[in-house]
Amino acid sequence: MLEEVERWLTRRSWSCDDRPLNRLTDARAADPRRTSVSVVLPALNEEATVGAIVATIRRELMEKVRLVDELVVIDSGSTDSTAAVARAAGARVVHRDAILPRIPALPGKGEVLWRSLLVTSGEIVCFVDADLKDFSADFVSGTVGPLLTDPTVQFVKAMYDRPLGGRAGQGGRVTELVARPLLNLHWPQLAGFVQPLGGEYAVRRSLLERLPFPVGYGVELGLLVDALHTVGLDALAQVDVGVRVHRHQDGQALGRMAAAIYRTAQLRLSRGHLVRPALTQFERGEDGFVPRTHAVDTEERPPMREIAEYAERHAA
């Protein structure tokens, strides 16, 4: 590991306990305009978990204390009752297709995160995945904490254990097999991030609006790499929030995720294009193995500040 990264780990890695809630609310009260917080949950068919997450954030961080200003669930086309459950729990729910309708929406998590900037107003934006179980408000307060108390910090990732099958530290298979090797080999300054692909992180709007957004699973890697090049390592940080429990995907879904992440990295390395942006996987059928070919995400959305509707909204 680079000496620079070793120093960064001692200066920019914290625990959520390092910043108790009273310290965060005091920081907010001192400068409420610059410390407004929006929490965004991208959601697709998450009726089993989204309600508890929304309810916890509302109770712990909007009612008991005033840390979060707005809580928005962006529904990316759910066919279950995700939207109704989220709304009943106290979130504002916006459908992906209702945001920036002149640009047809593409499928993918990054698309939803990008569009969320148009329907939120906080100077700090905190993203939280909607499939978390046993959710703790620490995922939000922990990641926004450094942004509220240190003006030099611009991007904060959550770090945590990810148990799999009852064993600690076995989750994050795409992280260990794809993302971590890529980062260590090509962006060694980012080798200190424990969960580079984690979906829980908080970022200053002024930085987010300057970054392109891969529309699919590559969004976390893309934002992290581009943030490094835009504001430098010392503006990035991570906070330990304990344990993350969520729905694990099957091996083939992870393969498609890995392909999207590799493509995101390849684009940033060469700013070129893959010759064949597709991934073929195999499933056993009645007569043997059947090939299934899936498109790999190849689209990216431009920095939000280049979108006319966003510029007009912020000029008003």
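In short, a report on the structure. Predicted model only: the values in this text are computed from it and were never measured. (Residues numbered from 1 in each chain as written. Predicted model: local features only at pLDDT ≥ 70, side-chain atom pairs only at ≥ 80, totals over all residues. Heavy atoms only, no water.)

**Focus on the overall build of the chain**
Then, number 1: Helix and strand content of the chain: eleven helices and 14 strands.
Then, number 2: Taking 316 residues into account, the globule formula puts the C-alpha radius of gyration at 20 Å, and the chain, at 19 Å, falls close to it.
Then, number 3: Taking the principal axes of the C-alpha coordinates as reference, the chain spans close to 65 × 50 × 45 Å.
Then, number 4: When burial is assessed residue by residue, the chain has 54% of its 316 residues classed as buried.
Then, number 5: Nonlocal contacts in the chain, meaning residues at least 24 apart in sequence, comprise 74% of its contacts between residues at least 6 apart.
Then, number 6: A total of about 14000 Å² of accessible surface is found on the chain, and carbon and sulfur atoms cover 51% of it.
Then, number 7: Taken as two groups, the 39 positive and 41 negative side-chain charges of the chain have centres that lie 2 Å from each other. (Helix = DSSP H or I, 4+ residues; strand = E, 2+ residues; numbered from the N terminus. Rg over C-alpha atoms; globule rule 2.2 N^0.38 Å. Buried < 20%, exposed > 50% of the residue type's maximum accessible area, 1.4 Å probe, protein only. Contact = heavy atoms within 4.5 Å. Areas by Shrake-Rupley, 256 points an atom, 1.4 Å probe, with all protein chains shown as cover. Lys, Arg positive; Asp, Glu negative; His and termini not counted. Charge placed at Lys NZ, Arg CZ, Asp CG, Glu CD.)

**Looking at the environment of Pro212**
Then, number 1: For Pro212, the position within the fold is in the loop between helix 8 (205-208) and strand 9 (213-214).
Then, number 2: The contact partners of Pro212, leaving out residues within four places of it in the chain, are Leu223, Asp226, Arg268, Glu300, Arg301, Pro302 and Pro303.

**Structural notes on the sheet that holds strand 10 (residues 236-243)**
Then, number 1: As summarised here, the arrangement of the eight strands in space is 1-10-7-8-5-2-3-4, forming an open sheet in which the pairing is mixed. Taken across any chain shown, the strands that pair with only one partner, and hence form the sheet edges, are strand 1 (13-15) and strand 4 (92-95). Strand-to-strand twist of the sheet, defined as the mean angle between neighbouring strand axes without regard to direction, takes the value 25°.
Then, number 2: Looking at chain direction, strand 1 and strand 10 are connected through three bridges and run parallel. Its bridge partner being in strand 10, Trp14 is matched across the sheet by Val239.
Then, number 3: Running at roughly 165° to strand 3 (residues 70-75), helix 3 (residues 50-63) makes contact with strand 2 (37-43) and strand 3 of the sheet.
Then, number 4: Each of strand 1, strand 2, strand 5 (124-127), strand 7 (155-161), strand 8 (201-204) and strand 10 is contacted by helix 6 (residues 138-149), which is oriented at about 145° to strand 7, the strand it contacts most. (Pairing = 2+ DSSP bridges. Axes fitted to C-alpha atoms, helices over the stretch in contact; angles between N-to-C directions.)

**Structural notes on the nonpolar core**
Then, number 1: Ranked by size, the top nonpolar core spans 49 residues in total, and within it Ile74, Phe155, Val174, Leu190, Phe213 and Leu236 carry the most contacts.
Then, number 2: Of all elements in the fold, only strand 3, helix 5 (109-116), strand 5, helix 7 (173-186), strand 8, helix 8, helix 9 (219-231) and helix 10 (251-270) reach the threshold of two or more residues within this core.
Then, number 3: Here this core gets seven residues from one element, more than from any other, and that element is helix 9.
Then, number 4: Leaving out residues up to four positions away in the same chain, Phe155 has contacts with Leu147, Tyr201, Ala202, Val203, Leu207, Leu223, Leu224, Ala227, Ala235, Leu236 and Ala237.
Then, number 5: Residues Val37, Met62, Val68 and Phe139 belong to the second largest nonpolar core, which totals 42 residues. (Core = buried A, V, L, I, M, F, W, Y, C linked by side-chain atoms within 4.5 Å.)

**Looking at the layout of surface pockets**
Then, number 1: The calculated volume of the second largest pocket comes to roughly 270 Å³.
Then, number 2: For the second largest pocket, the lining is made up of 15 residues, of which Asp31, Arg34, Thr35, Leu147 and Arg204 are closest to its centre.
Then, number 3: Considering every element that reaches the lining of the second largest pocket, the biggest residue donor is helix 6, with three residues.
Then, number 4: Looking at side-chain class alone, the lining of the second largest pocket contains four nonpolar, four polar and seven charged residues. (1 Å grid on protein atoms, 1.4 Å probe; cavity = no way out; pocket = protein on both sides within 12 Å on 5 of 7 lines; lining within 4 Å. Points joined across faces, edges and corners; volume = space filled by probe spheres on them. Nonpolar A, V, L, I, M, F, W, Y, C, P; charged D, E, K, R; others polar.)

**Digging into a negative patch on the surface**
Then, number 1: Where like charges cluster on the molecular surface, the negative patch consists of Asp17, Asp18, Asp138, Asp161 and Asp240.
Then, number 2: Checked against the element boundaries, Asp161 lands in strand 7. (Patch = residues over 30% accessible without salt bridge, like charges linked within 9 Å, V, L, I, M, F, W, Y side chains within 5 Å. Salt bridge = Lys/Arg side-chain N within 4 Å of Asp/Glu carboxyl O.)

**Things to note about the state of the cysteines**
Then, number 1: Overall, the coordinates contain zero disulfides when judged by the stated rule.
Then, number 2: Just so you know, Cys16 is unpaired, no disulfide at all, and the nearest cysteine sulfur is the one on Cys126, 13 Å from it. (Disulfide = S-S within 2.5 Å.)

From the geometry alone we can't say anything about function, so treat these as descriptive.
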